[in-house]
Structures are given as C-alpha cells and as structure tokens.
Amino acid sequence: MATVDLKDVKKVYPGGVEAVKGVSIAIPDKELCVLVGPSGCGKSTLLRMIAGLETISAGTCSIDGKVVNAIGPTERDIAMVFQNYALYPHMKVYDNMAYGLRNRGMPKDEIDKRVRTTAETLELAHLLERRPRELSGGQRQRVAMGRAIVRSPKVFLFDEPLSNLDAKLRGQMRVEIKSLQRKLGVTSVYVTHDQLEAMTLADVLVVMNAGLVEQLGAPLDIYEKPASTFVASFIGAPPMNLLPLRSGQLEGAVSLPAIPANAATIGFRPEDCEVGADGAASEGGLRLMARVLGVEPVGAESFLYCEAAGGRIVVRVPGRTAVAVGDQLPVLARREKVHFFGSDGKRV
Amino acid sequence: MIDNSPIRTFIAHLVLVLGILIVAFPIYYTFVASTHSLQTILRPPLPLLPGDRFVENYSEALFGGVGRIGGVSVATLLFNTTVVALGIAIGKIIISLLSAYAIVFFRFPLRMTFFWLIFITLMLPVEVRILPTYKVMVDFGLIDTYTGLIVPLIASATATLLFRQFFLTIPGELVEAARVDGAGPWRFFWDILLPLSRTNIAALFVILFIYGWTQYLWPLLVTNRNDMNTIVIALRKMISFADADTEWHLVMVTSMLAIVPPILVVVLMQRWFVRGLVDTEK
C-alpha cells in the first residue's frame, strides 16, 4: 500500500522552541511503527507532521514515495485515531463513520456498504444508530477505529489511542489493533508513552528523547541491546538497574566481569538476576551483595528492592519468595546479560 | 428541601402565591380594561371582572386601525415589530457566529486587534453613538425602512464573546478530525460547529428577540411614518396628555397584544433555552 519516509524532519515552533530536531525514519510497507518516549519528546509532533496537522520546518516527509510537505491532511490519504477519539458528538455512529467518505463525494450505496462492512468487523453493527455519548469508552474507541478503517487510507496514524481505557480493555484493544493492522495490511504509525504497548505492537520501534531518535529497530533487539542508558531505563518494566562505575570499578561488588576501558555505567535487567546462585554460573559475571529494602509480591513473580554497590537495584524472582526486608543477598548477573555504557550514556 | 412539614410547605406556597399575585395583578387588570368600553374605563372605579367588549375591542384594534396613530391597525404594528425583532435576533446571531468563528479558528494578521475592536464596542451602546448613526441612516435614505430599524442594532459584541467562549471549549482534536476527514472551513462550520452550537443559538435567540421587541429609543428616532412604527412606539403615541383624547380601551388591547409574541417565543423555546443555559451537550 504505502511506505512512509521521514528525512531529517525538524519542527521549530515560532518562538524558537525546537520540538523535533532532525528525525529520519523509513517505515516499510504494511509495517507498524511505534514512536515511544516520555512526554514532551516530540513523538506526537512528529505524528502530527506526518498527518499534515503541523507544518514541517525542515526536511521531507514522503508517503508512498511522494513528498507531502505542502499537501493538506485531506489529500495525504491518511486516517487518524485520536487520544480522546474526537467523535462528532451530534452525529450517530453511522454518520461519524460516513462523514469522511461523504466529503470525498463517494456514492451513497458505496458508503453504506463500506460502513456496514467495517461495523461488522469491529462488532459495531448494533450501535450504528447511537450517538457517541451513549457509548462506553471501549465502544467509542472502536468507532474511532472504524472511522479510520472505513476510509481504507494509505496510512493509519494512532495518537495514544488506548490511554483513556482501563487496563483490561487496553490489553484487549492492543491485541485487536495488532491483528486488525495485520489483516488490513495498512502501514501505520502509532504513538504511545507506554513501553508495554510499544513492545507488543511494533514491527519497527522508535525510542525518542528530547526531539531526537535514541534508538530504532525491532523491539526485542532494542530490549536486548539498548543503545543508551535512556533506552535501557525506558524499555522494560521495571527498568534496567544502572550503577555508576568509579575508575573502572564497582564499589562493593564481589566479582566483576571484564569492564571496557571507557565504561562509566554498568547495567543489568531485574529479570536477568539470579539470587543466591554461585559456582559455575557466576564465572565472569557480576556478583554483588544486596540488602533488601522492600519486597513486592505480584503473584507470578516478586520484586526485591535492594541497596547494593552504593545504589538502588530491583531484582525479580519467580513466584513467592521467602526473602524478608533487611536480608543480605548475593545477586548475580551473567556475563552476557551485563551492559556497559560510556560517560555520554551510549552503549560500549 | 430537607424538611417538608406541612407548615413550612404552607408558608412557602403562601409566599409564592403572594409574589405571583403582585406580579400578575397589573397584567390581569390591563386585560380587564381591554374588555370594557372607553366610557366604563373613564368612569371609576374600573370593574374587577372582564367586560363584554372583548371581541369588539380586539377586532377594532387589530383590523380597524387606531385613530390617534393615523388609523394604522395593530396588526400592522405587530407585523413591523416581528420583522424588526426577528431581523435583529437573526442578524445578530449570524454576524456574531461568523465573527467568533473567524477569531477562534483562523490565524490571520491582526486577529487580536479585531477581537479587541469588537470587545471595545461593548463600551459603546447605541445611546452613545446615536447621533452619528442617525446621520448615517439619513444619508443612506434609510429612515422609515426596516433596514434602518434593524441594521444599526445588529452588531453585537456580547453575542460574539458568548460564541467565542463556546467555540474555545470545542476540543482541538475535533477540528483536526474534521480536517483529516476532508471537511474544509465551510463544511466544518456547517456540519459540526452549527449543530454543536444549536442550544446556544436558541438561548441567544430568545434573549435577542425580546431585546429587539422592546427597543424604544432607536425606533422612535428612525421612524416618522405611523405605518412603520413598532408596537412600543405606537403605544406611546396612542397616549395623550388629555385623558379624554386617549382611547384607553385600545391602548389596553395593544398592551396585551404586545406581550403575546415574546411570551410565545419564551414558552415555545423554553426547553432549548434552559438547555442552552445549563448544559453544553458535548
């Protein structure tokens, strides 16, 4: 259907604030690209520039090989799902979905066919005569999706579409969006601040920070090899444990793997820790003594909040745990699960 | 209330009933007077019950014409006043909708300047600018025309501000969704903004209709011919200083007729009016 290409795209607001400082992303056809980052990182601005709702200050945005910088949102052939759904409150569900088609001058019977087919897909058929305020949050979300799908555009744009739903519904819709996107094969850009959504939905994951791309790649590659301390602490929950190195040493560590010369921070994920293991497993790995400050059992796993090597770390242990607050524990991270970052925060 | 003991209920109702009596009695008495002959009215005391000349008095006023205002019938006056009140209400709503739309949804040079210019006119009511306005109307030859009666009263800073405040509450996402859906400025205005504003428009219509209906100073200045008078002006002209010259029964009939249309508008649009004042329906 379409590719989306961003080349060195910048956004400078009048007044000099630079929201996006030069971003290049190439999204292949039919793939779902997730932009993730903390609030204010420029991800929404970027999405709105692809939509044509914001002007592009520098660089080019092309859809399907055609530069669209100077083209309005209507002609870009995109559809957008908004955070607050932005349904027309005075129109019935049917008209909400049909409005975009009518504006494009599609014949009535064709509109009717499309709206009904889409409603069928989204299980909205029985709600077509209702108004948005008579719908639940999840149903409104579906209507917003329907309004985008019914147009069969070149690109879907999602602006934090699930952030207004409760946790259970969010999980359900996440799966649905993914399968729908697969089925329809429409290139999509999805903005979220939720790293779980980002990990599960993305074909291409883009981690953004302060107007720049921190890392771009497949979600699991990013998880396994975070390019910077920022990505390491943003992707994964709870975030990666990061401890500062002082002149190549970690205070209070029992044993240390070989440390690269320019490393300033050592990192390991809570889920990569082993508690109490010794002997062969610890060979060449990181081993340190930790004092437990708090225990958080969540059922399938428990999180231990500990103090170690002059910093705070989180350790994940499976299932129930007998560990109590105040215990001293040996914590081990295998060599291949230990990450090093330089003084500029970049991976070494 | 929390406590509904019979005594409290009784006192509450008593106060309400007394209030209504005080407000309604003069109107009732006007109605009574409008059903008696001139002779009965001029010979005090006026009876407390309606007389037998209801049909005669009302048909004389409505269709026959009233002597003191050059034989113009009250029907003509009602028509004039309706045209003027509707013209002012609808004109004000259209103008202020459009100017609020421009100020809220478009970015153009001097946008805030225009907003403040409109705002400043709030401080210049008709009375302050009445002489220059009158001069302009004379120069345009608009004395004794509906245009002359309506146009100077149309520009409305209040309504513009009201619509501006309402438009500001419309989420930006809705505007963007419409843009993505291919709605241009006019389509957005017509398909989305107008339907969302309908309760506000209805409430404003009621207020402005009554405002237009009760205009006194401007119609007094800008109409000379009796058949172009509005009902309020005509009422004033019907009353002479000498009691015997005044056709009091017709004055009373005209008074009664003058309050019917505003009441009708309020009653018919009550549902919309209240909704427009209390909820924003979003």
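Residues numbered from 1 in each chain as written. Chains lettered and ligands numbered in written order. Predicted model: local features only at pLDDT ≥ 70, side-chain atom pairs only at ≥ 80, totals over all residues. Heavy atoms only, no water.

The next point concerns the overall build of chain B. For chain B, the count of helices and strands is 14 helices and zero strands. If you list the helices and strands of chain B from N to C, you get α-α-α-α-α-α-α-α-α-α-α-α-α-α. A compact globule built from 282 residues should have a C-alpha radius of gyration of about 19 Å, whereas chain B, at 24 Å, is more than 25% larger. Dimensions of chain B, computed from the C-alpha atoms along their principal axes, are close to 75 × 65 × 30 Å. Of the contacts formed within chain B by residues at least 6 apart in sequence, a portion of 70% connects residues at least 24 apart. A total of about 15300 Å² of accessible surface is found on chain B, and carbon and sulfur atoms cover 73% of it. Taken as two groups, the 19 positive and 17 negative side-chain charges of chain B have centres that lie 7 Å from each other. (Helix = DSSP H or I, 4+ residues; strand = E, 2+ residues; numbered from the N terminus. Rg over C-alpha atoms; globule rule 2.2 N^0.38 Å. Contact = heavy atoms within 4.5 Å. Areas by Shrake-Rupley, 256 points an atom, 1.4 Å probe, with all protein chains shown as cover. Lys, Arg positive; Asp, Glu negative; His and termini not counted. Charge placed at Lys NZ, Arg CZ, Asp CG, Glu CD.)

On a plain count of helices and strands, chain A comes out with eight helices and 19 strands. For the C-alpha atoms alone, the extent of chain A along its principal axes is close to 75 × 45 × 35 Å. Taking all 348 residues of chain A together, 50% fall into the buried category. Of the contacts made within chain A by residues no fewer than 6 positions apart, 66% connect residues no fewer than 24 positions apart. Of the side chains in chain A, 43 bear a positive and 39 a negative charge, and the two mean positions are spaced by 4 Å. (Buried < 20%, exposed > 50% of the residue type's maximum accessible area, 1.4 Å probe, protein only.)

Moving on, we get to the state of the cysteines. Here, the word disulfide means a covalent bond between the sulfur atoms of two cysteines. All names here are of chain A. Across all of its chains, the model carries zero disulfides over all chains by this definition. No disulfide involves cysteine 41; its nearest neighbouring cysteine sulfur is the one of cysteine 33, lying 12 Å away. With relative accessibility at 1%, the residue cysteine 41 sits in the buried group. (Disulfide = S-S within 2.5 Å.)

What follows concerns the sheet that holds strand β2 (residues 18–27) of chain A. Sheet strands line up and pair through hydrogen bonds in the backbone, either parallel or antiparallel. All names here are of chain A. In space, the four strands of this open sheet follow the order β2-β1-β4-β5, with antiparallel pairing throughout. The open sheet has two edge strands, β2 and β5 (66–67), and neither has a second partner. Sheet contacts for helix α1 (residues 43–51): β1 (4–12), β2 and β4 (58–63); angle to β1, the most-contacted strand, approximately 120°. (Pairing = 2+ DSSP bridges. Axes fitted to C-alpha atoms, helices over the stretch in contact; angles between N-to-C directions.)

Let's shift gears to the domain arrangement of chain A. Segmentation of chain A into domains returns domain 1 (4–224) and domain 2 (238–342). One C-alpha centre belongs to domain 1 of chain A, the other to domain 2 of chain A, and the line joining them spans 39 Å. (Domains from an automatic or database assignment.)

So, on to the interface of chain A and chain B. Facing 25 residues of chain A, the contacting portion of chain B comprises 18 residues. Carbon and sulfur atoms supply 55% of the area buried between chain A and chain B, which totals about 1800 Å² over both sides. Put simply, chain A and chain B have two salt bridges between them. Between A:Arg48 and B:Glu176 there is a salt bridge; the shortest N-O distance is 2.6 Å. (Buried area = accessible area lost by both parts, 1.4 Å probe. Salt bridge = Lys/Arg side-chain N within 4 Å of Asp/Glu carboxyl O.)

Right, let's talk about the environment of A:Gly217 for a bit. Residues and elements named next belong to chain A. In this structure, glycine 217 sits in strand β10 (residues 212–217). Remark: the alpha-carbon pair of glycine 217 and arginine 116, spanning 101 residues in sequence, is separated by 38 Å. In this structure glycine 217 touches Asp203, Val204, Leu205 and Ile222, once residues within four positions along its chain are discounted.

Residues and elements named next belong to chain A. As for its placement among the helices and strands, methionine 106 is situated in the loop between α2 (93–103) and α3 (108–121). What makes methionine 106 partly exposed here is its relative accessible area of 22%. Along the sequence, methionine 106 and alanine 227 sit 121 residues apart, while their C-alpha atoms lie 48 Å from each other. Dropping the residues within four chain positions of it, methionine 106 is found in contact with Leu101, Ile111 and Arg114.

Before going further, it helps to examine the packing of helix α8 (residues 157–168) of chain B against helix α10 (residues 185–213) of chain B. Residues and elements named next belong to chain B. Close contact between α8 and α10 brings their axes to 11 Å; oriented N to C, the two are set at 140°. Judged by the angle between their axes, α8 and α10 are oblique. Handedness of the α8/α10 crossing: right-handed. The residues of α10 that touch α8, namely those facing Ala159, Leu162, Phe163, Phe166 and Phe167, are Leu193, Leu196, Ser197, Asn200, Ile201 and Leu204. Looking at side-chain class alone, the contact of α8 with α10 contains nine nonpolar, two polar and no charged residues. (Parallel < 35°, antiparallel > 145°, perpendicular 65-115°, else oblique. Left-handed = near helix turned anticlockwise from the far one by under 90°. Nonpolar A, V, L, I, M, F, W, Y, C, P; charged D, E, K, R; others polar.)

Another point: the UniProt feature "domain: ABC transporter" (unreviewed entry) in chain A. When the UniProt feature table is mapped onto this chain numbering, "domain: ABC transporter" (unreviewed entry) sits at residues 4–235 of chain A. The distance from the first to the last C-alpha atom of residues 4–235 of chain A is 24 Å, and the span holds 36% helix and 25% strand. (UniProt positions renumbered as here; feature names shortened; annotations may be inferred.)

Here we take up the pairing of strand β16 (residues 301–308) of chain A. Residue and element names in this part refer to chain A. Pairing geometry for strand β15 (residues 286–297) and β16, over six bridges, is antiparallel. Residue pairing for β16: glutamate 296 is matched across the bridge by phenylalanine 303. The loop that links β15 with its antiparallel partner β16 comprises three residues; one of these, glycine 299, has a positive phi angle of about 110°. Note that β16 and strand β17 (residues 311–318) share eight bridges and pair antiparallel. Paired with leucine 304 across the two strands is valine 315, which belongs to β17. Once β16 ends, the chain turns through two residues before running back antiparallel as β17, passing alanine 309 with a positive phi of about 50°.

Glancing now at the nonpolar core. Judged by nonpolar contacts, the single largest core of 92 residues is most densely connected at A:Ile25, A:Leu46, A:Leu157, B:Phe167 and B:Ile192. For this core, the element with the most residues is α10(B), which contributes 13 residues. When residues no more than four places from it in sequence are discounted, the contact partners of B:Ile192 are A:Tyr88, A:His90, A:Met91, A:Tyr99, B:Leu174, B:Ala178 and B:Arg187. Ranked by size, the runner-up nonpolar core spans 46 residues in total, among them A:Leu32, A:Val34, A:Leu124 and A:Met199. (Core = buried A, V, L, I, M, F, W, Y, C linked by side-chain atoms within 4.5 Å.)

Our focus in this paragraph is the UniProt feature "transmembrane region" (unreviewed entry) in chain B. Residues and elements named next belong to chain B. UniProt annotation of "transmembrane region" (unreviewed entry) refers to residues 7–29, 83–106, 113–134, 146–167, 188–213 and 248–269 when read in the numbering used here. The span residues 113–134 is 64% helix and 0% strand, and its two end C-alpha atoms sit 27 Å from each other. Structurally, residues 188–213 comprises 100% helix and 0% strand, and the distance from its first C-alpha atom to its last is 33 Å.

The next point concerns the sheet that holds strand β6 (residues 78–81) of chain A. Residues and elements named next belong to chain A. Read from one edge to the other, the open sheet built from six strands follows the order β6-β7-β8-β3-β9-β10, with strand pairing classed as mixed. Strands at the two margins of the open sheet, each flanked by one partner only, are β6 and β10. Each neighbouring strand pair of the sheet contributes to a mean axis angle of 15°, computed without reference to strand direction. Two strands pair when backbone bridges link them, and strand β3 (residues 32–36) and strand β9 (residues 204–209) are joined in this way by four bridges, in the parallel orientation. Directly across from leucine 35, in β9, lies its bridge partner valine 206.

Looking now at the pattern of salt bridges. All names here are of chain A. The tally for this structure, following the rule as stated, stands at 21 salt bridges over all chains. Measuring nitrogen to oxygen at the nearest pair gives 3.6 Å for the salt bridge that ties glutamate 129 to lysine 92. Of the two residues, glutamate 129 sits in the loop between α3 and α4 (137–149) while lysine 92 sits in the loop between β6 and α2, which places them 37 residues apart along the sequence. What makes lysine 92 partly exposed here is its relative accessible area of 29%. Close ionic contact of arginine 102 with aspartate 95 constitutes a salt bridge, the shortest N to O distance being 3.0 Å.

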